[in-house]
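Residue-level listing of the chains:
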Amino acid sequence: MKALMSVAAIIGAAGILLLAGMTVGIVPSNTVRLIEGYMPVQVIAELTLFVAGFTGISYMMSAMGMAFPRFWQGILFWAFLLIYLKFRVYPPIPFSVRAMYGTISLVAIFMWVSANEEDWNKFKQPIMNVLDAKTGGTKFLRIAYLVIIPILIGGFSYNAMVPKSEEPIELRTVHPAPPASTKVHGKTYTLQTSQNPYRVNPEGKYDQEYSNSNIVEQGMGRLMKPTSNPWDKDAQGYLKYVREGGEIFYQNCHFCHGDNLNGRGLHAFAFNPIPANFTDPGTIAQLQETFIFWRVSKGGIGLPNEGFPWASVMPPWEQHLTVDEIWKVILFEYWHTGYYPRTWD
Amino acid sequence: MKNLISLKAGKFLTTAFGIILVSGISGGMAFAADAALPAGFKKGDLAPEPSADMIEAGKRVYFTKCVWCHGVDGAGDGPGADRLWPRPRNFNQGTFKIRHTASGELPLFDAKKPVPGQNDLFETVTHGLPGSAMPSWEGILTEEQRLQVLSFVTTQLVKDRKFTDKQSESQTILQLNDLKPIPASEESLKKGAELIVEKKCIECHGVEGRGDGNAFNLKDDWGFSIQPANWHKCWNFRGSRQDPYNVKNIFRTFSTGVNGTPMPSFADNSTVEERWHIANFVNSLCEREADGTPLSIDPLSDKPKVNFVLSSGVVEGEISADPENEMWTKRARRIIAMGGQITHKPRNFVNRIDDIWMKSVYNETHIAFMFQWDDRTKSVAEGKLPWPPTSVNIDVKEQDPKTGEEGSIAMHQNNYTVYNDAVAMETAVKWKDLPAPIKPRYLFGSNEQFPVDIMKWEADGSLRAFKGTGWDKDFEERDNYEESSKLLFSEWKNGRWTVIIQRPMGNKKDQDYDEDTFFEMGQYIPTVFFAWDGHNGDAGRKMAVSAFYYTFLEPPTPKEAYIYPVVIAFGVVLLEGWILTRRANKRKAKKA
């Protein structure tokens, strides 16, 4: 038990030092990076590690006779959570959302410290001590609180009332409701029944299994399978069309969606919100190919009225590309991100 | 006896000193032998050839990630190449820009050890080349995958030279870690300012370093057009290594030159000290906050962080037409990030204007906007333009994208018909009537129901007001609005435009609210900015465009902001008293 706890304590201490160093800037702030596409999982894993670490630290300290009062444990843990949310998570979370997380964690901490009568008494003991002010120290504290709290609250309310400008949050509907059918270059496509005509095996037959077995591998780097090189001169069917789709992508789409399809292209920084990140499991991985076909063909301007807000400069690609080119680009996007499109069944 | 010992000790000491002295001299001699090398450089060894496994694994990375721009044979002619400026690197000749090695030499690359400062190509792939389409691959490819792909590129795609050939290649390495930077004191900056004239930096980079010196006559080794760096945008320095305000990067580039471009190495004709002064001065020119601290850089884009609210400050009396007036110099500025308009034809893949600095003030009747942006050339169209100012669907050719062919962007780059430099801002009309999430479209409004108010300034001195009702609908002129608006100032100087326009604030009573935006205090008014670089062939929809920003007129502080907090604080004091008495009573009760 003790060995386990001391390992946890070391992890916790190292984690805190690293986080503090990265926040203050002693250690480069990208020492431990948030991995793209896995951020939520990573954040939860990190927090779990920290909780384990704190448990270890608290255990070791009480084992060494320096038990840490529950009161301060609760307060410090809450402060840690707030700091973590503010400085660790990037891109930054808006204050309103952080306030929500803060409230929820406050409630959780209260539940923890008041789990049983004894704990609760221990927790409120320091507060009662200050209220009663029996010793010189607590007397001083009581007077200090009496003065500081009204000043702080007055200051906060002044701050809240002074007119200032805050960036309005820009939202975008990620998956607006699609129409039943869409008309592109004079032909009507029913979203439920249309298929990507280039998802074919070398014999030219529609073959989802074949195409899925030739996409890039998931995991760091998302690299192609060594045997499935679209640039192979002999590539036929699916892989050949992937290459053609890639050529179109790198002539038209990467300016915004990025060389690595992560929404960080050359022009991306000028947009708000930034362009869609296809490597995120929440975008194309959740959609059917025909949905993408509709969005690519009609662009931001083709969003239905229910698709508000219209914060999208996505071009209506039917102005620039042929139907075949649009299907090939879609094929490439799924190949390059390693996701399977959703199907209707 | 004692004397003897001290004598011996003395002898010993002398000998020791002698050895140190001799070694010092020999060290000096070794240094003299190195004198053929430029100051600050040392000879290094060629790295061993990467293993066949590494090369094979790298091929897989290359054909997944890199081939799309750099091409099948690494000739920098992949499908994406023609619409990029600067173009992707042609690896075949082994010409690499960012190095620690002397001018003309191959860069440092060792497949085994990515030691900081000793692996140029690894760092290029890791940090990307800001200001170009080359992204940072850190976090996307693992360290090993980056080394693998470089093993493939250096052995298979660099065709005219060989990284391991001792006969033809040498490595003369800049000892950047051993050279101590000179602090950027006022004296150092002054020397640097003199040196950039003496070393003729300003001939290409311009008097104020905005890259406007010899902007349109430079070509790289392959004959493609290339432009001198703008020292005021250090985040776009190719060699900034995602650390743009670090003076060492400038020192390195200045010492080693940029292979394949007209930028030479200054190692032979400048001392190390001189190079630090120049690097300090160039670094000091990069845009900073008003208090001199570096701008905060967004790690996701490697560009300055953007705030989407442009706040306008209140001033007394008439708005000054002089940008040096306190009214303007005291105002905080905001950076507006600009991207190419690639939504509708004609598209602009290589927008030369990538940001605008904005300031705004207002008085009782008018609001004024100051635009400042860098543009290497002042462009004014010769003769009359072939379309009316209100025309939207104008015929500016969208380029044929084949390499080498007449008309590809790469060939055309310096060869466009010159139109007017211009800027415009678009604000929503009837923005108060828009249901909460609705905004007009970015480009020239959505329809008759949600039109936009457009004001456009052009380098021929015109300031026009239009109503826009859709991206492909011709603008409508607005009656007498141009007369009530005013161009306060416009000037192009050393690569930077400064333009101040003033317009009525508008109010519901006196203005035609169907055409003009009513700028109401304390409200967020959706605003979009457009910019055209006339020398880039920008006209009509071929332009740079921003996202939606918000113009916000700062209201004065209300009286309540001084009263309520005091009342609240007093209330808290009462509450505290109540809690304390309650507690005291409880204890008394207990005791009793």
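Use the structure listed above.
Since we're looking at a predicted model, the values are computed, not measured.

Trainee: Can you break down the interface of chain A and chain B residue by residue, with the values?
Mentor: Taken residue by residue, the interface counts 75 residues in chain A and 79 residues in chain B. Summing both partners gives a buried area of about 6,900 Å² for chain A against chain B, and 65% of it is carried by carbon and sulfur. At the boundary of chain A with chain B, the tally comes to three salt bridges. Salt-bridge contacts for Arg587(B) lead to Asp132(A); the nearest nitrogen and oxygen are separated by 3.8 Å. If you look at where chain A meets chain B, you find 22 residue pairs in polar contact (both at pLDDT 80 or more). Elements supplying a minimum of two residues to the side of chain A that touches chain B: helix 5 (117–132), helix 6 (136–161), helix 8 (238–252), helix 9 (254–257) and helix 11 (323–337) of chain A. The element that contributes the greatest number of residues to the side of chain A that touches chain B is helix 6 of chain A, accounting for ten residues.

Trainee: Pulling in residues and values, what's your account of the packing of aromatic side chains?
Mentor: Enumeration according to the criterion identifies 46 aromatic pairs over all chains in this entry. With a centroid separation of 6.0 Å and an interplanar angle of 35 degrees, the aromatic rings of Phe50(A) and Phe54(A) are classed as tilted. You can see Phe50(A) and its partner Phe54(A) sitting in helix 2 (residues 39–63), four residues apart, about one turn around the helix. No difference in accessibility class separates Phe50(A) from Phe54(A), as the two residues are buried. Judged by centre distance (6.0 Å) and plane angle (70 degrees), the ring pair of Phe529(B) and Tyr549(B) falls under edge-to-face. Highlighted residues: Phe529(B) in strand 16 (residues 524–532) and Tyr549(B) in strand 18 (residues 549–553), separated in sequence by 20 residues. Relative accessible area serves as the criterion here: at 0%, Phe529(B) is assigned to the buried category. Positioned above the aromatic ring of Trp231(A), the side-chain terminus of Arg243(A) is 5.7 Å from the ring centre. Here Lys456(B) stacks its cationic end above the ring of Trp532(B), 4.1 Å away from the centre of that ring.

Trainee: Got a sec to walk through the pattern of salt bridges? Specific residues and values, please.
Mentor: Summed over all chains, the structure comprises 35 salt bridges over all chains. Note that Glu289(A) is salt-bridged to Arg199(A), the shortest N-O span being 2.9 Å. Of this pair, Glu289(A) sits in helix 10 (residues 289–298) while Arg199(A) sits in the loop between strand 2 (187–190) and helix 7 (208–212), and the two are 90 residues apart along the sequence. Note that Arg241(B) is salt-bridged to Glu123(B), the shortest N-O span being 3.8 Å. Taken together, the residues Arg241(B) in the loop between helix 6 (201–205) and helix 7 (247–256) and Glu123(B) in helix 3 (residues 120–127) connect sequence positions 118 residues apart. You'll find Arg241(B) and Glu123(B) in the same group, each marked buried. Linked through salt bridges whose partners overlap, the residues forming this network are Glu208(B), Arg210(B), Glu287(B), Arg333(B), Asp374(B) and Arg496(B).

Calculation notes
- Residues numbered from 1 in each chain as written.
- Chains lettered and ligands numbered in written order.
- Predicted model: local features only at pLDDT ≥ 70, side-chain atom pairs only at ≥ 80, totals over all residues.
- Heavy atoms only, no water.
- Contact = heavy atoms within 4.5 Å.
- Buried area = accessible area lost by both parts, 1.4 Å probe.
- Salt bridge = Lys/Arg side-chain N within 4 Å of Asp/Glu carboxyl O.
- Polar contact = N/O pair within 3.5 Å; in protein donor to acceptor, adjacent residues only side chain to side chain.
- Helix = DSSP H or I, 4+ residues; strand = E, 2+ residues; numbered from the N terminus.
- Phe/Tyr/Trp six-rings, centres within 6.5 Å; stacked < 30°, edge-to-face > 60°.
- Buried < 20%, exposed > 50% of the residue type's maximum accessible area, 1.4 Å probe, protein only.
- Lys NZ or Arg CZ within 6 Å of the ring centre and 35° of its normal.

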